[in-house]
Amino acid sequence: MAPAFDIPPSADPNLAGTSPVGVRWADTTLVTAIGLAPARPVVRAHSAGGSAAVGGPDTAVDLNLLAAFRRSARVPLSIDLAVTEHRYCGAGSIAAAYSRSLGSLPVAAARQTTIVLRLPAVTAVPPRAPGATAAAVLGRAALVTRRLAALLAAHGVRTHIFDAAALTDHTEQLLGPPGAARRVFALTPATTPAHLRAVAADHAVAHTTALRLSGSAPHPRLDGLLGVTEVPRAGRALRAVPPGLDPLDDGADDALADLVPTDAVRATALPDLAADPISLADWRFLLGDDGVLIGAAHDGSAVTAPLISSPDHPASVIGDPRFIALLVYRCIGAGAAINLHSPQPHRWARLVDLVDDPGVLALGPARPGAAALTRVDLFDESSEDAEHWQIRLRRAVGDRAAGDWEAGPAPRTVIRGSRADPRIDLVVDGRPHRLTGAASEPERTLVAAL
């Protein structure tokens, strides 16, 4: 794998005031990447039929928009859409209890969506351009990447162009934790979104769906891969392979490398998928984490909110100690390594002892293990004699100290609940949602031990 590097200012005239464009360049292929996210936190309801936003619009990737961009580009390029989902994290009792509460729902605690652009270096500069120098080739790659990011932003998508460090980190995340096994499947014309939802509701560590638009821009070719990361000895494995997926035994290593943003060129022949506008519209991938299970809506669907997904969207939780503990357990199950900051650390001692894993919950800096997806600060804001506690959750930013909390943004998510009352009030960006508490027997057992 060629190392990533940042395109220098001399080759990227649009760099001023923005982050650099990271690139891999090996032989005849240039690779850049763009991360995608929704513009605001999204509350979603989940049923066996799929997931949808509650009380507002949702944001999804439009493959037809990517196909139109390829037609408008002055240079040939292929575009990958890679979507990596983690349903829950870890393999201990907390993860198992949270998984039981999720049941068979296709919930993605964490979802990372990336667009990967691949430009043949020999054609990255129009033939009429004099002197196709390295700087000119890199400049064209930067320009095309920034143009696509701007187009997506104009359609309501929050974009983040990967610099070299982000490109490297993203690749390492896709490769999975040490000791993980990986299987790769080809998508076939018989593959449907329902088949992918079945994978999302299974027990693998993570799965990545990668669709590639290639061929001539007026008549694109679409093919796709599904990569599954597993740790079978921990029970984190795909238990049932849905129909419509073709296991790749021969050439699986090449296909696996092609799931990540490297300079690899797909050597495995994959089936053509329908690439007409109607068929492209069928491939609908939601943006952003579903987050943490909060409760059930009046129709029985499970409702999630991204409590720990962004440092810009902190969440405030108000409730009795057992309700607070349930949310903490679920954040851990969703992949959080939590740093506890409290002026009364003694009242958290029992929960810390029960979790018994400083890699996911610790007074002061947690020491995230391999299973953690993100670091989260939990700040205890309740008074010493309060019957109901109040905490604030926020995705950690660098080495932020607890004292920096007061200067942080106001909570955009507020949750009020009690283990003695089934009603839960959830407010996200001013939109109220009335839910009912729901927990599996293993989760109730964990909370009852407090």
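Residues numbered from 1 in each chain as written. Predicted model: local features only at pLDDT ≥ 70, side-chain atom pairs only at ≥ 80, totals over all residues. Heavy atoms only, no water.

Asker: Before we go on, may I ask you to explain the overall build of the protein in this structure?
Answerer: On a plain count of helices and strands, the protein comes out with 10 helices and 24 strands. Taken over 450 residues, the protein has a buried fraction of 55%. Within the protein, contacts between residues separated by at least 24 positions form 72% of all contacts whose residues are at least 6 apart in sequence. Looking at the protein as shown, the accessible area adds up to about 18500 Å², and 55% of this sits on carbon and sulfur atoms. (Helix = DSSP H or I, 4+ residues; strand = E, 2+ residues; numbered from the N terminus. Buried < 20%, exposed > 50% of the residue type's maximum accessible area, 1.4 Å probe, protein only. Contact = heavy atoms within 4.5 Å. Areas by Shrake-Rupley, 256 points an atom, 1.4 Å probe, with all protein chains shown as cover.)

Asker: What is the right way to look at the packing of aromatic side chains in this model?
Answerer: The geometry of an aromatic ring pair is captured by the separation of the ring centres together with the interplanar angle, meaning the angle of the planes. With the rule as written, the count across this model stands at one aromatic pair. Measuring from ring centre to ring centre gives 5.1 Å for Trp348 and Trp389, while their planes differ by 55°; the resulting arrangement is tilted. Note that Trp348 is positioned in the loop between strand S18 (336-341) and helix H9 (349-355) and Trp389 in strand S21 (residues 389-395), a separation of 41 residues in sequence. For Trp389, a relative accessible area of 11% translates into the label buried. Above the face of the Trp389 ring, Arg347 is positioned so that its terminal group lies 4.7 Å from the ring centre. (Phe/Tyr/Trp six-rings, centres within 6.5 Å; stacked < 30°, edge-to-face > 60°. Lys NZ or Arg CZ within 6 Å of the ring centre and 35° of its normal.)

Asker: Just to check I follow, could you spell out the pattern of salt bridges for this structure?
Answerer: In this structure the tally under the stated criterion is 17 salt bridges. The partner of Arg221 in a salt bridge is Asp223, with the nearest N and O atoms 2.4 Å apart. For Arg221, a relative accessible area of 28% puts it in the partly exposed group. Each of Arg44, Asp58, Glu85, Arg111 and Asp290 takes part in one network of salt bridges that share partners. (Salt bridge = Lys/Arg side-chain N within 4 Å of Asp/Glu carboxyl O.)

Asker: Help me understand the side chain of Ser301, please; the structure alone is not making it clear to me.
Answerer: Inspection of the secondary structure puts Ser301 in the loop between strand S15 (292-296) and strand S16 (302-305). For Ser301, a relative accessible area of 10% gives the class buried. One polar contact links Ser301 to Asp299, side chain to side chain, over a distance of 2.7 Å. (Polar contact = N/O pair within 3.5 Å; in protein donor to acceptor, adjacent residues only side chain to side chain.)

Asker: For this particular structure, what's the right way to read the packing of helix H2 (residues 93-102) against helix H10 (residues 441-448)?
Answerer: Geometrically, a packed helix pair is captured by the angle between its two axes and the distance between the axes. Direction vectors running N to C along H2 and H10 enclose 135°, while the axes themselves pass 7 Å from each other. On the basis of their axis angle, the class for H2 and H10 is oblique. Together, Ser93, Ile94, Ala97, Tyr98, Arg100 and Ser101 of H2 and Pro442, Glu443 and Leu446 of H10 make up the contact between the two elements. Its residues placed into classes, the contact of H2 with H10 shows five nonpolar, two polar and two charged. (Axes fitted to C-alpha atoms, helices over the stretch in contact; angles between N-to-C directions. Parallel < 35°, antiparallel > 145°, perpendicular 65-115°, else oblique. Nonpolar A, V, L, I, M, F, W, Y, C, P; charged D, E, K, R; others polar.)

Asker: In this structure, what is going on with the environment of Ala82? I would like to understand it.
Answerer: Mapped onto the elements of the fold, Ala82 is located in strand S7 (residues 78-86). Linking Ala82 and Phe285, residues 203 residues apart in sequence, is a C-alpha distance of 9.8 Å. The contact partners of Ala82, leaving out residues within four places of it in the chain, are Gln112, Thr113, Thr114, Thr208, Thr209 and Ala210.

Asker: In this structure, what is going on with the pairing of strand S20 (residues 374-380)? I would like to understand it.
Answerer: Of all seven residues making up S20, six are buried, and the element is well covered by its neighbours. Pairing of S18 with S20, which is carried by six bridges, proceeds in the parallel orientation. For Ile338, the partnering residue across the bridge sits in S20 and is Val376. For S20 and S21, the ladder comprises five bridges, and the chain directions are antiparallel. Bridging from a neighbouring strand, Leu378 pairs with Leu393 of S21. (Pairing = 2+ DSSP bridges.)

Asker: Sorry, what's going on with helix H3 (residues 134-154) here?
Answerer: In an α-helix, one turn spans 3.6 residues, which is why side chains three or four residues apart end up on the same side. Along its 21 residues, H3 runs 31 Å from first to last C-alpha, staying within 8% of the 30 Å computed at 1.5 Å per residue. If you check which residues of H3 are buried, you get Val137, Leu138, Gly139, Arg140, Ala141, Ala142, Val144, Thr145, Arg146, Leu148, Ala149 and Leu152. Directly after H3, the chain includes Gly156, whose backbone phi takes a positive value near 85°. (Expected span 1.5 Å × (residues − 1).)

Asker: Mind showing me how you'd approach the packing of H2 against helix H8 (residues 321-333) here?
Answerer: For the pair H2 and H8, the least separation of the axes is 9 Å and the interaxial angle reads 100°. As judged from the angle between their axes, H2 and H8 are roughly perpendicular. Each of Ile94, Tyr98 and Ser101 in H2 lies in contact with H8, whose residues at this interface are Tyr329, Arg330, Ile332 and Gly333. Along the lines of polarity and charge, the residues of the contact of H2 with H8 split into four nonpolar, two polar and one charged.

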